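# Observations on the three-dimensional arrangement
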Amino acid sequence: MIRRMVTNSMPQFPAGFLWGVSTSAHQIEGAADAREPSVWDVFTAEPGRVKDGSTAAVACDSYHRYPEDVALLAGLGVDAYRFSVSWPRVDSPGGLDFYDGLVDALCAAGVRPVVTLFHWDLPVALDWLERDTASRFADHVSVVAERLGDRVAKWITLNEPAEHTLLGHALGVHAPGRRLMFDALPVAHHQLLAHGLAVRALRAAGTGDIGIANSHGPTWAASEKPEDRQAAEFYDLLLNRLFSDPLLIGRYPEGIGELMPGDVEADLKVIAEPIDWYGINYYAPTRVGAPQGAEIEFGGLSLPAELPFTVREIEDRPVTDFGWPVVPEALTELLTGFAERYGDRLPPVLITENGCSYEGVDDQERIAYLDGHIRALHRAVEAGVDVRGYFVWSLLDNFEWAEGYARRFGLVHTDFETLERTPKASYAWLRDLLRAQR
Ligand code: FCB
């Protein structure tokens, strides 16, 4: 077997740099019978929505097996664990007891809890098309902060509002399965508003160290032709700047504010409420060109023909099992681009997700992916970007949304029959890397 050996030692990151791994409630907890349903339970019950027909009713059963997961985190030697609280579980009797126990177990193991307050599993009675969902979210945040605030190290208001808008409400390939195309824009606005209200609710509860986890990636034009450049710019605006501009400079990119509901100017003041750090989930760049008038398949998605752009293949690059291109240097490009665009409006950055899906327990490709991306991150630090932490997606193989259990992102293998956890080669590699960093 040909192996890409990782031989050069990793450069040293600044003291206090936070190393962690990430998961989310719906993807790992299971114990669906011990909580109210979310839009994801409804969605997965509909035939054809999830590729392998699976649901997350059991998933990794982390609800019952969390002591084992905490032991895995301690063995890995991470500083922090990013997990999400399930809003429907928090709303269920005794639901917060589970998170209380998890947070205690993490603290006892010396792992700092980093809590995401919304990672896509919306209670079924709620809808992001409704403005009121933003204030309901702030209420949920207050309840969680009240109970866990004395031990949580960092808060993440929302996970990837861009993907939740695009995949869940514009294209309909994630829950709640709506295909509204551009009529999904209010979903983005209401989530951003919810973020701002949540920041205020967290501060009112006496907690701090607040950020968000937004997905970002460089957009590369398919060619220098004006129609390709324009299409790429539009894509970049929709998936990147639509979310970072309002948060960091308090305004929507040109032409977007008019499309948003409510008193947008007043809302933007809430949305731009100062945060302590900015979280970026990075996986890959996107090459974008002018529309070609035909539906295209991309990274497991069927993109409709009526979009004003097409996503093109990035050639000459290895791809993960998910078909996502592996381009570590695009992470450096992304971070230096952010620092340039936002200047002193950009707070310290944390990479809140980065990872890849590959089969197998001897996962040398994952090691190569992580090695390349951590080095690319270090180059951004050297270039002066204030990056304070890095979280791998994910601790363990889990329910990968519409892909079901077919995509394995874990440092730890999960046997979905027996629920046995087996650390992969990448787990040992990361453990050694973290030891060498200290
Ligand atoms: C991100 C999601 C996360 C996981 C990874 C692979 O978009 O935030 O839940 O599915 O992709």
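Read on for a plain summary of the structure. Source: prediction; values computed, not measured. (Residues numbered from 1 in each chain as written. Predicted model: local features only at pLDDT ≥ 70, side-chain atom pairs only at ≥ 80, totals over all residues. Heavy atoms only, no water.)

Within strand β12 (residues 349–353), five of the five residues are buried, which leaves the element mostly enclosed by the surrounding structure. Alignment of strand β7 (residues 278–281) against β12, held across four bridges, turns out to be parallel. If you follow G279 over to β12, its bridge partner there is L350. Pairing geometry for β12 and strand β13 (residues 387–393), over three bridges, is parallel. By the bridge assignment, I351 is partnered in β13 with Y390. What joins β12 to β13 is helix α12 (residues 364–382), and the crossover it makes is right-handed. (Buried < 20%, exposed > 50% of the residue type's maximum accessible area, 1.4 Å probe, protein only. Helix = DSSP H or I, 4+ residues; strand = E, 2+ residues; numbered from the N terminus. Pairing = 2+ DSSP bridges. Right-handed = clockwise from strand over helix to strand, strands pointing away.)

Right, let's get into the sheet that holds strand β1 (residues 18–22). Strand order in the closed barrel formed by eight strands is β1-β2-β3-β4-β5-β7-β12-β13, and the pairing between neighbours is parallel. Adjacent strand axes in the sheet meet at a mean angle of 25°, parallel and antiparallel pairs treated alike. Here helix α11 (residues 329–342) sits on the sheet and contacts β7, β12 and β13; the angle it forms with β7, its principal contact strand, is near 150°. (Axes fitted to C-alpha atoms, helices over the stretch in contact; angles between N-to-C directions. Contact = heavy atoms within 4.5 Å.)

Our focus in this paragraph is the packing of aromatic side chains. Applying the stated rule across the entire model yields 29 aromatic pairs. With centroids separated by 5.6 Å and ring planes inclined at 80°, the aromatic side chains of Y66 and F98 adopt a geometry described as edge-to-face. Taken together, the residues span a long stretch of sequence, with Y66 in helix α3 (residues 62–76) and F98 in helix α5 (residues 95–108) at a distance of 32 residues. Overall, the relative accessible area of 21% leaves Y66 in the partly exposed class. Looking at F98, the relative accessible area reads 9%, which means it is buried. Members of the aromatic cluster, joined through ring pairs, are W40, F43, W120, F399, W401, Y405 and F416. Geometry around F98 places R89 over its ring, the cationic atom sitting 5.9 Å from the centre. (Phe/Tyr/Trp six-rings, centres within 6.5 Å; stacked < 30°, edge-to-face > 60°. Lys NZ or Arg CZ within 6 Å of the ring centre and 35° of its normal.)

Further remarks concern the site of the ligand. Lining the immediate environment of the ligand, one finds Q27, H119, W120, N159, E160, Y283, E353, W393, E400, W401 and F409. Separating an oxygen atom of the ligand from a side-chain N or O atom of H119 is a distance of 2.8 Å. W401 is positioned such that a nitrogen or oxygen atom in its side chain is 2.9 Å from an oxygen atom of the ligand. Here the ligand loses 95% of its free accessible area of 290 Å² to cover by the protein chains. Split into classes, the residues belonging to the shell around the ligand amount to five nonpolar, three polar and three charged. (Near = heavy atom within 4 Å. Polar contact = N/O pair within 3.5 Å; in protein donor to acceptor, adjacent residues only side chain to side chain. Areas by Shrake-Rupley, 256 points an atom, 1.4 Å probe, with all protein chains shown as cover. Nonpolar A, V, L, I, M, F, W, Y, C, P; charged D, E, K, R; others polar.)

With omega at 5°, the peptide bond leading from A175 into P176 counts as cis. Going from W393 to S394, the amide bond is cis rather than trans, its omega being 15°. Along the chain, S394 turns up in the loop between β13 and β14 (412–414). Of note in this structure, A59 is not a glycine but carries a positive phi near 50°. Here A59 shows up in the loop between α2 (39–45) and α3. Overall, A59 belongs to the buried group, its relative accessible area being 3%.

Helix-helix packing is described using two parameters, namely the angle between the two axes and the distance between the axes. Look at helix α8 (residues 185–204) against helix α10 (residues 264–271): their axes get within 7 Å of each other, and the N-to-C directions meet at 50°. Taken together, the axes of α8 and α10 lie oblique to each other. Where α8 crosses over α10, the two elements pack in a sense that is left-handed. Listed contacts from α10 to H189, L192, L193, H195, G196, L197 and R200 of α8 are V264, D267, K269, V270 and I271. The residue makeup of the contact of α8 with α10, split by class, is six nonpolar, three polar and three charged. (Parallel < 35°, antiparallel > 145°, perpendicular 65-115°, else oblique. Left-handed = near helix turned anticlockwise from the far one by under 90°.)

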